[in-house]
Amino acid sequence: MELVRNSYDADATWCEVRLVNAKRAGGTLVVSDDGHGMTLEEIAGGFLHIGRSSKTESQTTQHYGRRKVGEKGLGRLASLRLGHEIEVITRPSSAPGTAHRLTINWAAYDNVDSVDEVKLEVKSYETSDIPGTTVIIKRLRESFEADGARRLSRALLLLSGAFSGVDLSHSPSRTSRRCTKWELGDEPDPGFIVSLDAPEYVALTRAVSQGYFEEHEFKLTAVLDEEGQASATLVDWRGEVVATGAHADVALPRGGKGTPPAAFSAPFATFELWMFLRDADSFKRRKSSRSLTEVSQWLDVIGGVHLFHRGLRTHPYGDPGHDWLDLNLGRNRDPQQRPSTNNSVGRVTVKDPNNELVPKTDRMGFQENLPFSDLRDFAQRAVEWSARVRKSKWEKDRTGEAAVVRRERKQDRNEAEKVIKGLPASVAAPLRKAFDTNDRLIAALERDRLLYRALATVGISTAVFAHESLNTAGGLGADLELLEHYAQLLLDETAFAESMEEPLDRAQRSAASIHSFAKLPLRMLRRGKRRLVTVDVNEVCVDFVEMFGGYLKDWQIDVQMDLCPEPARVRSTVADIESLYANLVINSARAFGGTGDIPGGRVVRIRTSVSGESITLDVADSGPGISGIELEKIWEPGEGSDEDGTGLGLTIVKDIVADLHGKKKVIADGHIVALAHGELGGAQFTISLPRYMKSVEEGGV
């Protein structure tokens, strides 16, 4: 990459990288360009003078006036040491028809006290090739295996052209161009194209050069002007402006609260971010001719936000694992309407005429000075602004939508009825039946919506009351301990034991129970549990039993865990797996409530097992079993044998399993099996979940 940057600084319009027999150590790396080349004086005073660079003398290139991207002349040394021997062939534009060749064998420096003891000779000869430079690094110390070649391919593709729409697979070949002189002039910079002669590059080039930017769902464009003022525009996939924001809006801190800075102390910059929905419905809605698979593969190659400094991409910003704008962290905190590195691609473009961004010594990005920190802060706040706008738009579209649809449905039904009246009875009857069936479905969904809304309200209220109860229970416990202390001081041991010990003990146990029950809903409602992660159902089971320990103890229920020894991982949320256990075990507990003594006691057994690509979760109890309702109806919302229940517990269980399998007919498909009387005599539920299988690359099974 350092040699390619040198080509850019030499006013090259193209640079070609070739790997020859490089799949194992000992191969050859060739970097060629059509830049202005080097004279004998420039070879001796610049190229061979490590630590000195002509770029410190002039900040712009001599022909196209580009802002130079290299500094210090140190990166060249590291690149040339990739092999045991190098050959440099350069053709200066100031002397057309002349070429200079320099060969360096690094072994010659192994047994000398000073580098000056090794004499280097530059040979000159005539040539018909155009001006430019070719660096040949021979006998490579390390191999460029498939993974390394892919990384190099990606880096070269993104260096200059991935966002320009230029087909990088058609860059000119060094040997295909001939000229007699270097045509100097004031024409505009024609651009810079890089190519790599490697199979991995051909495949990636095909994917990247296609360009799928038009498949975005939203595009954010933010500008940081010369005065440090930010502004932004968000457009949707139709090209319609969703919102525009001035500095006072875009520069707000995270969450949209607080005071924005008066100005950002960063150079002029533009930030473009294309945001995608990686789901088939999005493509259908937009009637796209592209496939989700195509766009997903493209995003996998160039996804993330890249930083372009003076026309070239700066490593490592936007590389895999280098989420310098913390997009993924923001999405994990608040998944709604937010981009991540796998569903968005963007670029921050900075010309930096005053050299405010200072490269690190190892050339791995920029120093964390104030201009760079403010540049990153500007981009992060622009993303935050777009997320707030999208969330507000989503909420506005959602609010009142049901009422609008009801009105439209009524009008459509009246219009349809007029048409049906003119149809023969044989045709009208099935149409009316279809309308009636649809009406029943809508009525059922409306009941579900109201039930879930009521349940959500109960959850919110419970969380508030639980928070307050924690303080009350804690204070009550402390007061009871103080009361016990004074009672023991005022009463003798016999009187205390007869009159105070038992009621105080009972009150203290009640206070402890209240404290335990108050913590329960707060633990279940933690935001982190609603993030999509890899979940071990065994670990969640242990945590659940510990969390519900006080409740189960009070009900005299013995929970027996028979968990498989190997990890039982699924791709889900902790909250969903917790809900499976909670709804099934609470169902068992409520069933025990209406019974007296049970032979063998009140037992709930939780068993897990792993087989191939499936995980089985089995919950059985020793209660009275399922009665008073048909077995197939227990899954329907609002149904259930308990008159005081919500009738939603098993519906939630069914929905969670359906989501994990991507199917809705989870009962018919056999992913949930219910027995009215199972192994322990009571109800038994057996659930099959898809096992999360790590790929070989991740080092898993």
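Here we summarise the structure given alongside this text. These numbers come from a predicted model, not from an experiment. (Residues numbered from 1 in each chain as written. Predicted model: local features only at pLDDT ≥ 70, side-chain atom pairs only at ≥ 80, totals over all residues. Heavy atoms only, no water.)

This paragraph deals with the nonpolar core. Residues Ile577, Tyr581, Phe685, Ile687 and Leu689 are the most contacted members of the largest nonpolar core, which totals 46 residues. At eight residues, the largest contribution of residues to this core is made by helix 17 (residues 574–593). Not counting residues within four places of it along the chain, the set of residues in contact with isoleucine 687 comprises Leu580, Leu584, Ile615, Thr616, Leu617, Val653, Val657, His671 and Ile672. The next biggest cluster of nonpolar side chains, apart from the first, holds 34 residues, and it includes Ala222, Val250, Phe264 and Ala379. (Core = buried A, V, L, I, M, F, W, Y, C linked by side-chain atoms within 4.5 Å. Buried < 20%, exposed > 50% of the residue type's maximum accessible area, 1.4 Å probe, protein only. Helix = DSSP H or I, 4+ residues; strand = E, 2+ residues; numbered from the N terminus. Contact = heavy atoms within 4.5 Å.)

Moving on to the sheet that holds strand 16 (residues 557–562). With mixed pairing, five strands are arranged side by side in an open sheet as 16-18-19-21-20. The sheet is open, and its two edges are formed by strand 16 and strand 20 (672–675), each paired on a single side. Geometrically, the sheet is characterised by an average inter-axis angle of 10° between neighbouring strands, direction not taken into account. Sheet analysis places strand 18 (residues 602–611) next to strand 19 (residues 614–621), joined by eight bridges and oriented antiparallel. Opposite isoleucine 606, over in strand 19, you have valine 619 as the bridge partner. Of the strands in this sheet, strand 16, strand 18, strand 19 and strand 21 (684–690) are in contact with helix 15 (residues 537–547), which crosses strand 16 at around 160°. Relative to strand 21, helix 18 (residues 649–661) is tilted by about 25°, and along the sheet it contacts strand 20 and strand 21. (Pairing = 2+ DSSP bridges. Axes fitted to C-alpha atoms, helices over the stretch in contact; angles between N-to-C directions.)

A cluster of like negative charges, contributed by Asp492, Glu493, Glu498 and Glu501, occupies part of the molecular surface. Residue position: aspartate 492 is located in the loop between helix 12 (425–490) and helix 13 (493–499). (Patch = residues over 30% accessible without salt bridge, like charges linked within 9 Å, V, L, I, M, F, W, Y side chains within 5 Å. Areas by Shrake-Rupley, 256 points an atom, 1.4 Å probe, with all protein chains shown as cover. Salt bridge = Lys/Arg side-chain N within 4 Å of Asp/Glu carboxyl O. Lys, Arg positive; Asp, Glu negative; His and termini not counted. Charge placed at Lys NZ, Arg CZ, Asp CG, Glu CD.)

The subject of this paragraph is helix 17. Taking 1.5 Å as the rise per residue, helix 17 with 20 residues should run 28 Å; its terminal C-alpha atoms sit 28 Å apart, in good agreement. If you check which residues of helix 17 are buried, you get Ala575, Ile577, Glu578, Leu580, Tyr581, Ala582, Asn583, Leu584, Val585, Ser588, Ala589 and Phe592. (Expected span 1.5 Å × (residues − 1).)

In this section: the packing of helix 17 against helix 18. At their nearest, the axes of helix 17 and helix 18 sit 9 Å apart, and the two run at 150° to each other. In terms of their interaxial angle, helix 17 and helix 18 are classed as roughly antiparallel. Taken as a pair, helix 17 and helix 18 cross one another with a handedness that is left-handed. On the side of helix 17, the interface is formed by Asp576, Ile577, Ser579, Leu580, Asn583, Leu584 and Asn587, while helix 18 contributes Gly649, Leu650, Ile652, Val653, Ile656, Val657 and Leu660. Split into classes, the residues belonging to the contact of helix 17 with helix 18 amount to nine nonpolar, four polar and one charged. (Parallel < 35°, antiparallel > 145°, perpendicular 65-115°, else oblique. Left-handed = near helix turned anticlockwise from the far one by under 90°. Nonpolar A, V, L, I, M, F, W, Y, C, P; charged D, E, K, R; others polar.)

A separate point is the packing of aromatic side chains. In this structure the tally under the stated criterion is 14 aromatic pairs. Plain terms: the ring middles of tyrosine 8 and phenylalanine 192 are 5.4 Å apart, the flat faces sit at 75° to each other, and that makes the pair edge-to-face. With a gap of 184 residues between them, tyrosine 8 in helix 1 (residues 2–9) and phenylalanine 192 in the loop between helix 4 (146–160) and strand 7 (193–197) connect regions that are remote in the sequence. Per residue, the accessibility class of tyrosine 8 equals that of phenylalanine 192, and both read buried. Measuring from ring centre to ring centre gives 5.9 Å for phenylalanine 544 and tyrosine 581, while their planes differ by 20°; the resulting arrangement is stacked. Of the two residues, phenylalanine 544 is situated in helix 15 and tyrosine 581 in helix 17; the sequence distance between them amounts to 37 residues. (Phe/Tyr/Trp six-rings, centres within 6.5 Å; stacked < 30°, edge-to-face > 60°.)

Attention now moves to the sheet that holds strand 4 (residues 98–105). In spatial order, the strands read 5-4-3-6-2-1-7; together these seven strands make up an open sheet with mixed pairing. Two strands close off the open sheet at either side, each with one partner strand: strand 5 (122–126) and strand 7. Taken pair by pair, the neighbouring strands of this sheet meet at an average axis angle of 15°, ignoring direction. When strand 3 (residues 83–91) meets strand 6 (residues 132–140), the two strands line up antiparallel, connected through eight bridges. Bridge assignment links threonine 90 to a residue of strand 6, and that residue is threonine 133. Its contacts with the sheet put helix 1 on strand 1 (14–20), strand 2 (28–33), strand 6 and strand 7, and the angle it makes with strand 1 is roughly 155°. Contacting strand 3, strand 4 and strand 5, helix 2 (residues 40–47) runs over the sheet at an angle of about 30° to strand 4.

Quick look at the packing of helix 15 against helix 17 now. The geometry of helix 15 relative to helix 17 is characterised by a closest axis approach of 10 Å and an angle of 55° between their N-to-C directions. Our classification of the angle between helix 15 and helix 17 gives oblique. Between helix 15 and helix 17 the crossing geometry is right-handed. When helix 15 is examined against helix 17, the residues Val537, Val540, Cys541, Phe544 and Met547 are found in contact with a partner set consisting of Val574, Ile577, Glu578, Tyr581, Ala582 and Val585. Considered class by class, the residues forming the contact of helix 15 with helix 17 number ten nonpolar, no polar and one charged.

Of all six residues making up strand 2, five are buried, and the element is well covered by its neighbours. Pairing of strand 1 with strand 2, which is carried by six bridges, proceeds in the antiparallel orientation. Note on strand 2: the bridge partner recorded for valine 17 is valine 31. The sheet contact formed by strand 2 and strand 6 spans four bridges and is antiparallel. Of the residues in strand 6, the one forming a bridge with serine 32 is threonine 134.

If you trace the backbone, aspartate 34 turns up in the loop between strand 2 and helix 2. Taking the relative accessible area as the measure of exposure, aspartate 34 reaches 2% and is therefore buried. A distance of 2.5 Å separates polar atoms of two side chains, one belonging to aspartate 34 and the other to threonine 13. Within the structure, the side chain of aspartate 34 is placed 3.1 Å from the side chain of tryptophan 14, a separation counted as a polar contact. (Polar contact = N/O pair within 3.5 Å; in protein donor to acceptor, adjacent residues only side chain to side chain.)

Here we take up the pattern of salt bridges. Here the structure, examined in full by the defined rule, presents 26 salt bridges. Between arginine 409 and aspartate 439 there is a salt bridge, and its shortest N-O distance comes to 2.2 Å. One end of the pair, arginine 409, is in helix 11 (residues 401–421); the other, aspartate 439, is in helix 12, with 30 residues separating them in the sequence. Classification of aspartate 439 by relative accessible area gives partly exposed; the value is 23%. Here arginine 607 ties to aspartate 562 by a salt bridge, and the two come within 3.1 Å at their closest N and O atoms. Remark: aspartate 562 occurs in strand 16 and arginine 607 occurs in strand 18; sequence separation between them is 45 residues. For aspartate 562, a relative accessible area of 38% translates into the label partly exposed. One network of salt bridges, in which partners are shared, links Asp562, Arg605, Arg607, Asp618 and Glu679.

Read these as layout, nothing more, since geometry by itself doesn't imply function.
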